[in-house]
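Structural characterization, general
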Amino acid sequence: MKTTTANLHISVNCKCPHCDAYLDIFDLENVKYALDETHNAPNCDLDIDCEECGEKFIVSDIFF
Ligand SMILES: [Zn+2]
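Residues numbered from 1 in each chain as written. Predicted model: local features only at pLDDT ≥ 70, side-chain atom pairs only at ≥ 80, totals over all residues. Heavy atoms only, no water.

1. Points about the pattern of salt bridges
- By the definition in use, this model includes one salt bridge.
- The partner of Lys56 in a salt bridge is Asp49, and the shortest N-O contact between them spans 2.7 Å. (Salt bridge = Lys/Arg side-chain N within 4 Å of Asp/Glu carboxyl O.)

2. Focus: the coordination of the zinc ion
- Distances from the zinc ion to its protein donors, Cys16 (SG), Cys19 (SG), Cys50 (SG) and Cys53 (SG), fall at 2.3 to 2.4 Å.
- The site at the zinc ion holds four donor atoms, and with the angles between them running 105 to 115°, its shape is tetrahedral.
- Read in sequence order, the donor residues for the zinc ion give the motif C-x2-C-x30-C-x2-C. Of the two residues, Cys16 sits in the loop between strand E1 (13-15) and strand E2 (22-24) while Cys50 sits in the loop between strand E3 (46-49) and strand E4 (56-59), which places them 34 residues apart along the sequence.
- Look at Cys16 and you get buried, because its relative accessible area is 1%. (Donors = N, O, S within 2.8 Å, 3.2 Å for Na, K, Ca; no water. Tetrahedral: all angles 85-135°; square planar, octahedral: opposite > 155°, others 65-115°. Helix = DSSP H or I, 4+ residues; strand = E, 2+ residues; numbered from the N terminus. Buried < 20%, exposed > 50% of the residue type's maximum accessible area, 1.4 Å probe, protein only.)

Treat this as a map of the structure, not an account of what it does.
Right, dumping it as structure tokens:
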């Protein structure tokens, strides 16, 4: 029997309130730091720069 491996990919998705682009912000250092052991980040108020339109916005909470 052949074998292979599998990867679990985690993403943290939000929608830019300026241009409606869907962004995966998981790779941002402040996002990883904000997540707690249940993978939630209540009241995190993270400053995000939209990579599509360049505008700034705040992610107030991350829900798992
Ligand atoms: Zn945007």
